[in-house]
Every structure is written in structure tokens, then in C-alpha cells.
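# Overview (structure and organization)
Spelled out from the first residue to the last, the chains are:
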Amino acid sequence: MMSSAEDPDVDILNKNGLVNVYVDLRGKEINTKRLLVRADNSHVYIYDPDSNSIVKIIYVNDLIDPSTLSVSEKNGIINISLKKT
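Described below are features of the structure shown in this document. Computed from a predicted model, the values in this text were never measured in an experiment.

Assigned secondary structure in the protein consists of zero helices and seven strands. The helix and strand sequence of the protein, counted from the amino end, reads β-β-β-β-β-β-β. A compact globule built from 85 residues would reach a C-alpha radius of gyration of about 12 Å, and the protein, at 12 Å, matches this within 12%. Principal axes of the C-alpha set define a box for the protein whose edges measure 35 × 25 × 25 Å. Relative to its full complement of 85 residues, the protein shows a buried share of 29%. Long-range pairs, those at least 24 residues apart, make up 42% of the contacts in the protein between residues at least 6 apart in sequence.

Structure, rendered in C-alpha cells:
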């Protein structure tokens, strides 16, 4: 499995107590508006219900609070925001 640091489709930015994860899914045959995103204390999971498959599992170096998960999508790029614990 490729780590988040090596995955060219994933960028993780830490700022002001937040972890922002950007996932570029442009060019992939995925309906980004229907994706399900979940998190635990150190991972973000992106699931495609249409194909019944996992799109990405992203390891986050910081401890995160899964209850603060917020997701937005624009032009095939998923923005996932979580607070650090």
C-alpha cells in the first residue's frame, strides 16, 4: 500500500489545529458527489457505493477527531477537514 506522502493524488495540510486532506479524483471514473467519507483517529476512508469498493485509505500523521469530519467536493477534488485532538 502506498503511503499518503507518496500518493500523488493526496495532499495533507496542517494549519491552525486543522488537518485538511485534498484528494484529486479527476480523470477517474468515479461519481465524486456520491462518495462516502469516514474517519477514525488516524485514517480517512473514501468509499464508492456505486462500485462497492474502497477508493482510498489515507493515513494521517496527527491524531484527528472523527466527529469533526467535514467534506466538500469541487471539480473532482475532495476536501476533507478534521480537527486535531
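We now examine the sheet that holds strand 7 (residues 77-84). If you walk across this open sheet you meet the four strands as 1-2-7-6, and the pairing is antiparallel. With partners counted over all chains shown, the strands left at the sheet margins are strand 1 (10-15) and strand 6 (64-74), one partner each. Ignoring strand direction, the axes of neighbouring strands in this sheet form an average angle of 20°. Here seven bridges tie strand 2 (residues 18-24) to strand 7, and the two strands are oriented antiparallel to one another. Within the sheet, the bridge partner assigned to Tyr22 lies in strand 7 and is Asn79.

Cut-off values and rules
Residues numbered from 1 in each chain as written. Predicted model: local features only at pLDDT ≥ 70, side-chain atom pairs only at ≥ 80, totals over all residues. Heavy atoms only, no water. Helix = DSSP H or I, 4+ residues; strand = E, 2+ residues; numbered from the N terminus. Rg over C-alpha atoms; globule rule 2.2 N^0.38 Å. Buried < 20%, exposed > 50% of the residue type's maximum accessible area, 1.4 Å probe, protein only. Contact = heavy atoms within 4.5 Å. Pairing = 2+ DSSP bridges. Axes fitted to C-alpha atoms, helices over the stretch in contact; angles between N-to-C directions.

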